Structures are given as structure tokens and as C-alpha cells.
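# Observations on the three-dimensional arrangement
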Amino acid sequence: MKRLTLFSLLCAVLFAAAVPLGAQEPGYAPPALVRENGWTMVVIPDPQAYSRYARNQGIFELVTAWIAENREKLNIQQVVCVGDLVESNGLQEADGKFANQTGIQMWKSTSRAFERLDGIYPYILCTGNHDYGPDIYPEGVHYGVRSSETRDSHFGEFFPIGRNPALEGVLVETAPNAFGVQTLENAAYEWTTPGGKKILAVALEFYPRDAAVEWAKEIFARPEYRDHFGIVVTHSFILGYSRGSVHIEKESYGFCKEGNSGRQLWEKLVKPAANIRMVICGHIAAADDMDGSTGFRVDPNDSGKPVYQLLFDTQAMGGGWEGNGGDGWIQLLEFNPEMTRVSVRTFSPLMAISPASHDKEWYRDEKREFEFDIEE
């Protein structure tokens, strides 16, 4: 009798492991809309560690491929990336200890991943501190020590204004970068949601110059955008949960002697504007610590309307700073048709690709999976 019980148990285990093609194992929840007729905005965290090591690049391509494939299932309307597209703008020779790609190879890697979204989504990118120079590092200076010494960047070469056909009719305007060149470093986008709501999103360069902030203020103040739902996408804005999700007071990078911190951006741009209702940022991460890599806060603007501020930068999940680049985590922001409620979820296409890791594809706790109302 004992042998029969052990045999039966073994058969049950083998049967559970052999899930037929197309079947769904217990507990597996494939991505689906939370509400009927909802629509999704996908937030991609800093991809710098995917580009940093050639071994990680496939994970990022998996992520963008998954986003492209799930357009209809999740009614994805927009994709946002919060900056630090590369680890180093100007690394001239591959460093075996810290990276095995040069700066240009990193730009090529990130560009290749976004090719999967070209013509499908009018994706919004902002630049991070690692996306800036110097372009050539002095001999003996490790690249990781000196980002944003200058505002030199290869961003405009790999992500030119005319690159993505899906931006036609969505890209409203660009502003000159620090060298007077029109790029997507500072850019405004407008689109209509499936429910008929109008959105105006402005992407701002890392530690935006006063000229960029003034340009954004003027855009949001235009009468034609007065009733739009305004979103600011910028790299550095708030800290993670573990540090109170407070506004960043200052940065110590080279060109940050001139520019605006998260706190200054709140005071000069976001708080005075009645139609800016959301800020999405990255930049702040912690090794294998979700509380240090995500954040959320709500503050009233000068018109008394709440502004929802979200940090998402999971680049150091999955092995820390020298790990796999972030375990494939992305953030799904699902809006109901009336744009009165948002469902926030954290999902990994990397974990979802294999039945062996299906139980890890969602990061489910109260800080990574929650809802909030958009109050008028």
C-alpha cells in the first residue's frame, strides 16, 4: 500500500509538470486587461545594464518583442522609457571588468531593441545622465566615474526625429538641445485615447536647462492644451520608497551646476501647471531591492489637483549592479476609458517566457500592484 501511494504521488507530480501545449497551469495569470475597454501605457525602466553587457542585450530585445506582440491583448497605446538608454555615451574601448561593449556598441544595442517598436508605437524616450559625455574619456579614467561632464550625446544620431514612422501626427514639437540642434531630447507629444481623452506628454532632457523648462511651460500653457491630461517624462525626479519617494534636491554630475533638479522642476514647471497630472521618471535604483527601485507620491498642484508621480527603475534587480540588467521588469499602467482610474502592475516578459518561471512573472505586493483614482 505504501508503494502504491508513492507511485501515485510520483505520477501526479509528473503529470503536473507536463502541461499540454495551450493549457494553463494552476496559478498562472497571463497578461490581460483589468477592465473591459481599458488601455495600457508601458513604462520601460533604465535599460543601461542591458546595453552594458552583450550577454544582457537579448533580454531587452525579448522585452520589446513582448511589448510589440501584446499590443492588442493589452490595448497598448503608448510606450515610455525613462532614460539611461546606455551605460556610457563615450566608452572608447571595451572594458572586460565593467563592460564588454564600447559606448557606440551600447547605442547600437539599445537602438536595435527599439527597432521592434518602430512603426508600431509612438514611443517616448528621455535622456539620462549616462546618455551624456564626455565623448572621449581621458586615459586612465574609468567611464563609470564620469557621466554628464558635458551635454555631448549620441542620442540624436541613433534616435533622430524622423526615425519612427509611428510618431507622425503624434510628435507636436521639439526644442533645441544644449548645442542648438533640434532633437527628441526635449519633445512634446499629443494623442487621443480610445475613450476620446486628449493627452499631452512632454519629455525633458536629464537635469533640464532653464531654456528647456521654459519651453515646456509655454507648451503646457497653450490654450489648445488647457484641458489635456498632461504628463512629464524625465529621468531624475523622485527617490524610491525606501527613501520616502521625496523630490530629488540636487545632482552632483559635471553639468548639473546648471539645470534643474526634481525639486526645482516641481516648483518651476509641474506645480504651477493646472494640466500636468502625472510625472514618470527613473534614475534611482537599488541592488535587488524593489523598494529602492520604485516610488510613488501624490501632491496637489497650485490648482488643487493631485499630480501622480511614479518612479520605476529596476535595472539592478536580477543580480545587482553586475547582474542581468533588471530581470525584464516593466510597469503596466492601465487606464479605464474615462481616465478616472489607473491600475499599476509590474510584469516581467523574461519570467513569462518559460512555464518554469510563470509563478514569478508578476511582482505582487501593495507597492508594485495597486490602483488609484484620477481626481479632478
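A brief report on the enclosed structure follows. (Residues numbered from 1 in each chain as written. Predicted model: local features only at pLDDT ≥ 70, side-chain atom pairs only at ≥ 80, totals over all residues. Heavy atoms only, no water.)

## Some thoughts on the overall build of the protein
Assigned secondary structure in the protein consists of 9 helices and 13 strands. Looking at the protein as a whole, 57% of its 376 residues are labelled buried. When contacts within the protein are restricted to residue pairs at least 6 apart in sequence, long-range pairs at least 24 apart make up 70% of them. Only carbon and sulfur atoms are counted for the fraction: they give 53% of the accessible area of the protein, which is about 15900 Å². (Helix = DSSP H or I, 4+ residues; strand = E, 2+ residues; numbered from the N terminus. Buried < 20%, exposed > 50% of the residue type's maximum accessible area, 1.4 Å probe, protein only. Contact = heavy atoms within 4.5 Å. Areas by Shrake-Rupley, 256 points an atom, 1.4 Å probe, with all protein chains shown as cover.)

## Thoughts on the side chain of Thr110
Topologically, Thr110 is positioned in helix α4 (residues 103-115). Judged by relative accessible area, Thr110 falls into the buried class, the value being 0%. Residue contacts for Thr110: discarding those within four places in its chain leaves Ser51, Gln57, Phe60, Leu85, Val86 and Phe159.

## So, the pattern of salt bridges
Opposite charge on two side chains permits them to pair, given that their charged atoms come into close proximity. Applying the stated criterion to the full structure yields 24 salt bridges. Where Glu87 meets Arg52, a salt bridge forms, and the shortest distance between an N and an O atom there is 3.8 Å. With Glu87 in the loop between β2 (76-81) and α4 and Arg52 in helix α2 (residues 48-52), this residue pair connects regions lying 35 residues apart in the sequence. With a relative accessible area of 8%, Glu87 lands in the buried category. With relative accessibility at 8%, the residue Arg52 sits in the buried group. We note a salt bridge from Arg222 to Glu218, for which the minimum N-O separation is 2.9 Å. Residues joined in a network through salt bridges with shared partners are Arg35, Arg341, Glu371 and Asp373. (Salt bridge = Lys/Arg side-chain N within 4 Å of Asp/Glu carboxyl O.)

## Observations concerning the nonpolar core
Formed by 68 residues in total, the largest nonpolar core has its most connected members in Ile67 and Phe114. Residues within four places of Ile67 in sequence aside, it is in contact with Val42, Ile44, Ile76, Val79, Leu117, Tyr121 and Ile330. Counting residues in hydrophobic clusters, the runner-up holds 28 residues, among them Ala188, Val213, Trp266 and Ala273. (Core = buried A, V, L, I, M, F, W, Y, C linked by side-chain atoms within 4.5 Å.)

## Notes on helix α6 (residues 210-221)
Between its terminal C-alpha atoms α6 stretches 16 Å, which fits the 16 Å expected from 12 residues at 1.5 Å a residue. Along α6, the positions that sit buried rather than exposed are Ala212, Val213, Trp215, Ala216, Ile219 and Phe220. Looking down the long axis of α6, one finds its buried residues gathered within 160 degrees of arc, a one-sided arrangement. Exposed residues lying more than 90 degrees from the buried face of α6 are Ala211 and Ala221. Taken together, the buried residues of α6 touch β4 (171-176), β5 (182-192), β6 (198-204), β7 (229-234), α7 (262-270) and β8 (276-281). (Expected span 1.5 Å × (residues − 1). Arc of directions from axis to C-beta.)

## Examining the sheet that holds strand β10 (residues 306-312)
The strand order across the open sheet formed by 7 strands is β4-β5-β6-β7-β8-β10-β9, and the pairing between neighbours is mixed. Of all the strands in the sheet, just β4 and β9 (294-300) have a single pairing partner and so form its edges. Going from strand to strand, the sheet's axes swing by 15 degrees on average, the running direction of each strand aside. In this structure, β5 lies alongside β6, joined through 6 bridges in antiparallel fashion. Within the sheet, the bridge partner assigned to Tyr189 lies in β6 and is Ala201. Against the sheet, α6 contacts β4, β5, β6, β7 and β8, and its axis sits at roughly 175 degrees relative to β6. (Pairing = 2+ DSSP bridges. Axes fitted to C-alpha atoms, helices over the stretch in contact; angles between N-to-C directions.)

## Focus: the packing of aromatic side chains
Evaluated as defined, the whole model comprises 20 aromatic pairs. An angle of 80 degrees between the planes, with centres 6.4 Å apart, marks the rings of Phe229 and Phe335 as edge-to-face. One end of the pair, Phe229, is in strand β7; the other, Phe335, is in strand β11 (residues 330-335), and 106 residues separate them in sequence. Ring centres of Trp329 and Tyr363 lie 5.6 Å apart, and the angle between their planes is 80 degrees; this geometry places the pair in the edge-to-face category. Residue Trp329 is located in the loop between β10 and β11, and its partner Tyr363 is located in the loop between α9 (349-352) and β13 (370-373); the two are separated by 34 residues in the primary sequence. Taken together, the ring pairs in this structure connect Tyr50, Phe60, Trp107, Phe114, Tyr123, Phe155, Phe158 and Phe159 into an aromatic cluster. Taking the ring centre of Phe255 as reference, the NZ or CZ of Arg151 above it sits at 3.9 Å. (Phe/Tyr/Trp six-rings, centres within 6.5 Å; stacked < 30°, edge-to-face > 60°. Lys NZ or Arg CZ within 6 Å of the ring centre and 35° of its normal.)

## A word on the packing of α6 against α7
Pairs of packed helices are described in terms of their axes, by the angle between the two and the distance that separates them. Running from amino to carboxyl end, α6 crosses α7 at an angle of 35 degrees, the nearest separation of the two axes being 10 Å. Note on packing geometry: the crossing formed by α6 with α7 is right-handed. Facing α6, whose interface residues are Asp210, Val213, Ala216, Lys217 and Phe220, α7 presents Leu265, Lys268 and Leu269. By residue class, the composition of the contact of α6 with α7 is 5 nonpolar, no polar and 3 charged. (Left-handed = near helix turned anticlockwise from the far one by under 90°. Nonpolar A, V, L, I, M, F, W, Y, C, P; charged D, E, K, R; others polar.)

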